[in-house]
Amino acid sequence: MGQGGLLIGGAFVAIWASAFTVAGVVVREWPPLWSLAIRFGLTAPILLAVALAFRARLPGREDLLRVALLGLFGMGGYLALAWLAMARIPTGLVALICAATPMLVAAGESIFLRRPLPRMAWVGLAIGWSGVALLGFLRAVDGLAAAEASGFVFAVGAATAQAIGLLIYAPAKGRVDMWVASLGQTTVSAVLCLVLALLLEGAAPRSVHWFTLGGLFWSMIVVGIGGYALYFVMLKRVPASTASALQLLAPPLAAVFGWALLGERLYISDIVGGVLTLSGLALLVRARARG
């Protein structure tokens, strides 16, 4: 990987990790679901303009349905649950739990799509899931408050929802234009989060601090648009195995951001569980790369 690829990879990891930190900033003032409804609602018109500028083609009916379901589960459902979690537990901890998504996808591909996994990949899955279990168990031993317990449930639900969305969308991955996919799932996510916000959180927020506004802008433009675009650029510049390995750096970096910028505290048990989760994921990635 050349210097250009290294810079792109480093920028992607930093942006991806910052997504959790800025979400933690926003949910300190605004309700999570309203925050996402506003974010998606403002992002969709921008993506529409980009898609029109690039003359992106609409996918067929079946692929369009897959894009909609990706938005329902893989983006809207995932982020709604993740942001609800980050309103209750440290953002770095949510990032570590959500790192389980690729393990769920791999297991789902093996069970439902009949794609066999190498034996070492199953070992990686076992190690990774033991890490997730350890994260919850040791916290529970310390005595989970009701809000913290629900935060764990939301975080695990977020990883599961994202995995479901990715599995549904997988057959259409090579056929759908990147900007159309982003527009479709963002629009569906906006509707989903707006409905949930109206049902569960009541009236929309009426005040905003400049720090919250800055976090929302960063989440929209830098992460929601720039991060996804940079990811596709990175896939063209670096090997897929390297790109997967770089993604493993985002959760621990998110934990560092949360500690440094939000004053969040992670316990030793969180770090041990996170190391196990990421080690299992790394083993899974390596085993699948070897095929």
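For the structure itself, look to the data block above.
This is a predicted model, so every value here is computed, not measured.

Participant: Which residues make up the overall build of the protein chain, and what values go with them?
Facilitator: On a plain count of helices and strands, the protein chain comes out with 12 helices and zero strands. Sequence-ordered secondary structure for the protein chain, helices as α and strands as β, is α-α-α-α-α-α-α-α-α-α-α-α. Compactness check: the protein chain gives a C-alpha radius of gyration of 18 Å against a globular reference of 19 Å for 291 residues, within 12% of the reference. In terms of overall dimensions, the protein chain has a C-alpha envelope of 45 × 40 × 40 Å along the principal axes. The proportion of buried residues among the 291 residues of the protein chain is 46%. In the protein chain, 92% of the contacts between residues at least 6 apart in sequence involve partners at least 24 apart. For the protein chain, the exposed surface amounts to about 14100 Å²; the carbon and sulfur share of it is 69%. In the protein chain, 20 positive and 10 negative side-chain charges are present, and the distance between their average locations comes to 11 Å.

Participant: Describe unusual backbone geometry, and please don't skip the residues or the numbers.
Facilitator: Even without being glycine, arginine 55 reaches a positive phi, approximately 50°. Among the residues examined, arginine 55 registers a relative accessible area of 74% and is labelled exposed.

Participant: Report on the packing of helix α3 (residues 61–86) against helix α4 (residues 91–98), specifying residues and quantitative values.
Facilitator: Interaxial distance between α3 and α4 falls to 9 Å at its minimum, and their mutual angle equals 145°. Between α3 and α4 lies a crossing of right-handed hand. Counted together, Tyr78, Ala82, Ala85 and Met86 of α3 and Thr91, Val94 and Cys98 of α4 form the full contact between these two elements. Grouping the constituent residues of the contact of α3 with α4 by class yields six nonpolar, one polar and no charged.

Participant: Explain the environment of valine 195 to me, using residue names and the numbers behind them.
Facilitator: Summarising the element assignment, valine 195 is placed in helix α8 (residues 178–200). Taking the C-alpha atoms as reference points, valine 195 and alanine 80, separated by 115 residues in sequence, lie 12 Å from one another.

Participant: Help me get a handle on the environment of leucine 65, residues and values and all.
Facilitator: Structurally, leucine 65 can be placed in helix α3. In the structure, leucine 65 is positioned 119 residues away from glycine 184 in sequence and 9.6 Å away in space, judged by C-alpha atoms.

Participant: Please give an account of α4 that cites residues and values.
Facilitator: Where burial is concerned, most of α4 is hidden: eight out of the eight residues are buried. Residues of α4 that are buried include every one of Thr91, Gly92, Leu93, Val94, Ala95, Leu96, Ile97 and Cys98, and no others.

Participant: Give me the lowdown on the pattern of salt bridges, citing residues and values where you can.
Facilitator: Proximity of charged atoms lets side chains of opposite charge pair with each other. Applying the stated criterion across every chain yields a total of two salt bridges. A salt bridge links aspartate 63 to arginine 175; the shortest N-O distance between them is 2.6 Å. Residue aspartate 63 is found in helix α3, and its partner arginine 175 is found in the loop between α7 (146–169) and α8; the two are separated by 112 residues along the sequence.

Participant: Account for the packing of helix α2 (residues 32–53) against α3, with residues named and values stated.
Facilitator: Two elements in contact, α2 and α3, have axes separated by 9 Å at closest approach and are oriented at 140°. One finds that α2 runs oblique with respect to α3. Between α2 and α3 lies a crossing whose hand is right-handed. Contact residues: Pro32, Leu33, Ser35, Leu36, Arg39 and Phe40 in α2; Met75, Leu79, Ala80, Trp83 and Leu84 in α3. Tallied by class, residues from the contact of α2 with α3 come to nine nonpolar, one polar and one charged.

Participant: Which residues make up a nonpolar patch on the surface, and what values go with them?
Facilitator: A cluster of nonpolar side chains, contributed by Ile268, Ile271, Val272, Val275 and Leu276, occupies part of the molecular surface with about 430 Å² of accessible area. Of note, valine 272 is situated in helix α12 (residues 268–290). When its relative accessible area of 39% is taken as the criterion, valine 272 is described as partly exposed.

Participant: Describe the packing of aromatic side chains, naming the residues involved and giving the relevant values.
Facilitator: Each aromatic ring pair is specified by the distance between its two centres and by the angle formed by the two planes. Taken as a whole, this structure holds three aromatic pairs when the rule is applied. Judged by centre distance (6.2 Å) and plane angle (15°), the ring pair of phenylalanine 54 and tryptophan 179 falls under stacked. In this pair, phenylalanine 54 sits in the loop between α2 and α3 while tryptophan 179 sits in helix α8, placing the two residues 125 residues apart along the sequence. Their ring planes at 75° and their centres at 5.3 Å tell us that tryptophan 210 and phenylalanine 211 sit as a pair that is edge-to-face.

Participant: Just give me the short version of the nonpolar core, but keep the residues and values in it.
Facilitator: Nonpolar side chains in soluble globular proteins tend to end up buried together. By size, the foremost hydrophobic cluster in this structure holds 37 residues, and its most contacted members are Trp83 and Val94. Elements that contribute at least two residues to this core include exactly α1 (3–26), α2, α3, α4, α7, α8, α9 (210–237) and α11 (250–262). Among the elements that line this core, the one with the most residues is α3, at nine residues. In this structure, Ala100, Ala106, Leu281 and Leu284 belong to the second largest nonpolar core, which totals 12 residues.

Thresholds, definitions, all that
Residues numbered from 1 in each chain as written. Predicted model: local features only at pLDDT ≥ 70, side-chain atom pairs only at ≥ 80, totals over all residues. Heavy atoms only, no water. Helix = DSSP H or I, 4+ residues; strand = E, 2+ residues; numbered from the N terminus. Rg over C-alpha atoms; globule rule 2.2 N^0.38 Å. Buried < 20%, exposed > 50% of the residue type's maximum accessible area, 1.4 Å probe, protein only. Contact = heavy atoms within 4.5 Å. Areas by Shrake-Rupley, 256 points an atom, 1.4 Å probe, with all protein chains shown as cover. Lys, Arg positive; Asp, Glu negative; His and termini not counted. Charge placed at Lys NZ, Arg CZ, Asp CG, Glu CD. Axes fitted to C-alpha atoms, helices over the stretch in contact; angles between N-to-C directions. Left-handed = near helix turned anticlockwise from the far one by under 90°. Nonpolar A, V, L, I, M, F, W, Y, C, P; charged D, E, K, R; others polar. Salt bridge = Lys/Arg side-chain N within 4 Å of Asp/Glu carboxyl O. Parallel < 35°, antiparallel > 145°, perpendicular 65-115°, else oblique. Patch = residues over 30% accessible without salt bridge, like charges linked within 9 Å, V, L, I, M, F, W, Y side chains within 5 Å. Phe/Tyr/Trp six-rings, centres within 6.5 Å; stacked < 30°, edge-to-face > 60°. Core = buried A, V, L, I, M, F, W, Y, C linked by side-chain atoms within 4.5 Å.

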